[in-house]
Amino acid sequence: MAVVKLFGRIGDIAGWSEATLAGATLEEIKAAAAGADARLAEHLDHPSTLVILNATLIPHSLRCEALKIGDDDEVAFGSPVGGG
C-alpha cells in the first residue's frame, strides 16, 4: 500500500494529512483517498492540484489516471501555490 499525503486545503477538506492506502494506479489512489467525499474527489481531480510521486512533481500534461503506483511509493496531493 502506498503512503498518501494531503497538503494545504486538500488536507483540510479531508480531515487528514497522511494515510496508507491501497491502489495500483493514480486513479485508484485518488478514489481511495476521496472515499465518498465528492468535494475531495473534485479537488484531487482538479488540473491545478499538485501531484507529487516519490518527491517528483508530475506536471499536469504528463499525468494519466493509469500511472502505476507501487506499494513502496509515496503520493502527495497539494493545493496550487502562488508567489509574487
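Residues numbered from 1 in each chain as written. Predicted model: local features only at pLDDT ≥ 70, side-chain atom pairs only at ≥ 80, totals over all residues. Heavy atoms only, no water.

### Focus on the sheet that holds strand β5 (residues 74-78)
What holds strands together in a sheet is hydrogen bonding between their backbones, with the strands either parallel or antiparallel. Rule in force here: Here a strand pair is declared whenever DSSP counts at least two bridges between the two strands. Numbered from the N terminus, helices here are DSSP runs of H or I no shorter than four residues, and strands are runs of E no shorter than two. Any pair of residues with heavy atoms lying within 4.5 Å of one another is described as a contacting pair. Axes here refer to lines fitted to C-alpha atoms; in helices the fit is confined to the stretch in contact. Angles between the N-to-C directions go from 0 to 180 degrees.
Pairing in this open sheet of five strands is mixed, and the strands run β2-β1-β5-β3-β4 from one edge to the other. At either margin of the open sheet sits one strand with a lone partner, and together these are β2 (18-21) and β4 (56-57). As defined by bridge partners, strand β3 (residues 50-53) adjoins β5 across four bridges and the pair is classed as antiparallel. Paired with Leu53 across the two strands is Val75, which belongs to β5. Where helix α2 (residues 26-34) meets the sheet, it contacts β1 (2-6), β2, β3 and β5, and its direction lies at approximately 65 degrees from that of β5.

### Quick look at the pairing of β3
Using the following cut-off: Burial here depends on accessible area, computed with a 1.4 Å probe over protein chains only, as a share of the maximum for the residue type. Under 20% is buried, over 50% is exposed, and the range in between is partly exposed.
Residues Val51 and Leu53 of β3 are buried on one face, while the alternating residues Leu50 and Ile52, pointing to the opposite face, are not. In this sheet, β4 lies alongside β3 in antiparallel orientation, the contact comprising two bridges. The residue bridging Ile52 from the neighbouring strand is Leu57, located in β4. Where β3 hands over to β4, the hairpin turn is made up of two residues, of which Asn54 adopts a positive phi near 50 degrees.

Just distances and angles here, no functional claims.
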